[in-house]
Amino acid sequence: MDMDLKELLSQFKDDLKKISSLEDLEAVRLKYAGKKGVLAKFLEEIKTLSVEEKKEAGKKINEAKQEIQEKIAELQNSLAGAKSASAQDRFYKTLPGKKIAAGHLHIITQAIREIVEIFKPLGFVRVRHPEIDWEWFAFEALNIPATHPARDEWETFFVDSPPDEKYGRLVITPHTSNGQVREMLKNELPIRMLGISRCGRRQEDVSHLQTFFQFEGLAVDKGISITHLKGTLDYFAKNFFGPGREIRLRPHDFRFTEPSFEVDINCSLCLGKGCNFCKSGWVELGGAGMVHPNVLKAGGIDSKIYTGFAFGWGVERTYMMKSGTQIDDIRHLFNNDLRFLEQF
Ligand code: DAH
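Residues numbered from 1 in each chain as written. Predicted model: local features only at pLDDT ≥ 70, side-chain atom pairs only at ≥ 80, totals over all residues. Heavy atoms only, no water.

### A few points about the overall build of the protein chain
Part 1 of the argument: Scanning the protein chain from N- to C-terminus turns up 12 helices and 10 strands.
Part 2 of the argument: Scaling as 2.2 N^0.38, a compact globule of 344 residues should have a C-alpha radius of gyration of about 20 Å, whereas the protein chain reaches 42 Å, well beyond that.
Part 3 of the argument: In terms of its C-alpha atoms, the protein chain occupies a principal-axis envelope of roughly 130 × 50 × 35 Å.
Part 4 of the argument: Out of the 344 residues belonging to the protein chain, those deemed buried represent 43%.
Part 5 of the argument: Within the protein chain, contacts between residues at least 6 apart in sequence are counted, and of these 68% link residues at least 24 apart.
Part 6 of the argument: As displayed, the protein chain offers around 19,700 Å² of accessible surface, 52% of which is attributable to carbon and sulfur atoms. (Helix = DSSP H or I, 4+ residues; strand = E, 2+ residues; numbered from the N terminus. Rg over C-alpha atoms; globule rule 2.2 N^0.38 Å. Buried < 20%, exposed > 50% of the residue type's maximum accessible area, 1.4 Å probe, protein only. Contact = heavy atoms within 4.5 Å. Areas by Shrake-Rupley, 256 points an atom, 1.4 Å probe, with all protein chains shown as cover.)

Structure (structure tokens):
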């Protein structure tokens, strides 16, 4: 027994030398001092000895067990200490943390929300009208009969479906003006509407997209005059583009307004000098004018009592003309290249 214990302790010390982790140490502890370990077996064996011998052997076994447990506790402390020290070494207090990428709304959504907020204090309420609509609302109701050449300007996509007797074919709305008569037919006067929808036209280049958004303003009330239109557009331009930008009204001819204007703003890229994007220093934002009596009539409104103004501009183009955006090709907005989108 004596010999066995000595041998056991020296074997234990050899085992300790091979330890490099807390897991190794736990395995050694179980081997020697565990419930089913070597020392437990020794205690089992001495049961058959005489009382005297048992006392003597038991004492020795307990001493060996104590020695083993002390060594294990010692080593446990130093291994645990080493582990936390190395974890500390790896923590660099001055190293910048990892930034979690935060997404944001698409710039067109941001622009739409901003436009809505600017018009809100004037009483304009955002409404929605169909983006696939009858030809009648997109043209006839707006004083553009089926055979009128002005229709060509709207490079329209027609939907391949059976036409309606009164309303004609279905179209992908080429402008948001289809919402004007739809709004009038709700029969709730006065009107202060801001319709914002997706539109489609058969054209695409640096300043045109096949799919784009327009915002359409319409005010119908008693005594609405051209000064209200000018004031409203001026107020919007100052709030959206900033006080340094200029707007101009150019006479134009739209079938659904009389008089009609084209609204231009000095280009944000060259500030009026003329560049590849704007050519002339001015960029057309969209049209505006006083609602034509025939349009009011189509909407069931008596043009002798009520008058109105309207305007319809492209959201993308309007956004591009904001100072500082420096976007020189409208198509960037819908290519969904994150390298572009993340800049805004
Ligand atoms: N709908 C026209 C377009 O897309 C723009 C426009 C012109 C809208 C004059 C209007 C308006 O409301 O009064 O080209």
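### Observations concerning unusual backbone geometry
Part 1 of the argument: In this structure, P190 follows L189 across a cis peptide bond, with omega equal to -5°.
Part 2 of the argument: Along the chain, the position of P190 falls in the loop between α7 (178-184) and β5 (191-200).
Part 3 of the argument: Residue P259 follows E258 across a cis peptide bond; omega there is -5°.
Part 4 of the argument: Along the polypeptide, P259 turns up in strand β8 (residues 257-266).

### Examining the packing of helix α5 (residues 107-119) against helix α8 (residues 226-241)
Part 1 of the argument: Between α5 and α8, the least distance of the axes is 10 Å, while the angle of their chain directions is 130°. Classified by the interaxial angle, the pair formed by α5 and α8 is oblique. Considering only the axes of α5 and α8, their crossing is right-handed. On the side of α5, the interface is formed by A111, E114, I115, I118 and F119, while α8 contributes T232, Y235, F236, N239 and F240.
Part 2 of the argument: Of the residues in the contact of α5 with α8, the class split is seven nonpolar, two polar and one charged. (Axes fitted to C-alpha atoms, helices over the stretch in contact; angles between N-to-C directions. Parallel < 35°, antiparallel > 145°, perpendicular 65-115°, else oblique. Left-handed = near helix turned anticlockwise from the far one by under 90°. Nonpolar A, V, L, I, M, F, W, Y, C, P; charged D, E, K, R; others polar.)

### So, the domain arrangement of the protein chain
Part 1 of the argument: Parsing the protein chain into structural domains produces domain 1 (2-89) and domain 2 (107-341).
Part 2 of the argument: The C-alpha-based centres of domain 1 and domain 2 are spaced at 87 Å. (Domains from an automatic or database assignment.)

### A word on the nonpolar core
Part 1 of the argument: Counting residues in hydrophobic clusters, the biggest one holds 47 residues, and the most contacted among them are I115, F215, F236, F311 and V315.
Part 2 of the argument: When residues of this core are assigned to their parent elements, the largest contribution, eight residues, is made by α5.
Part 3 of the argument: Sequence-distant contacts of F311, defined by excluding residues within four places in its chain, comprise F119, F215, E216, G217, L229, T232, L233, G287 and A288.
Part 4 of the argument: The next biggest cluster of nonpolar side chains, apart from the first, holds 25 residues, and it includes A138, A150, W154 and V295. (Core = buried A, V, L, I, M, F, W, Y, C linked by side-chain atoms within 4.5 Å.)

### Brief notes about the site of the ligand
Part 1 of the argument: The ligand sits among 16 residues. The nearest are H175, S177, R201, Q214 and E216.
Part 2 of the argument: One nitrogen or oxygen atom from the side chain of E216 is found 2.6 Å from an oxygen atom belonging to the ligand.
Part 3 of the argument: Here an oxygen atom of the ligand and a backbone polar atom of F311 are 3.3 Å apart.
Part 4 of the argument: In isolation the ligand offers 360 Å² of accessible surface; the protein chains occlude 94% of this area.
Part 5 of the argument: For the shell around the ligand, a count of residues per class yields six nonpolar, eight polar and two charged. (Near = heavy atom within 4 Å. Polar contact = N/O pair within 3.5 Å; in protein donor to acceptor, adjacent residues only side chain to side chain.)

### Details of the sheet that holds strand β2 (residues 132-134)
The strands that make up a sheet are held in pairs by hydrogen bonds between backbone atoms, and each pair lies either parallel or antiparallel.
Part 1 of the argument: The antiparallel open sheet is built from three strands, whose spatial order is β2-β4-β3. Here the strands that pair on one side only, and so sit at the sheet edges, are β2 and β3 (157-158).
Part 2 of the argument: Pairing of β2 with strand β4 (residues 170-172) involves three bridges; the strand directions are antiparallel. The partner of I132 across the bridge, within β4, is I172. (Pairing = 2+ DSSP bridges.)

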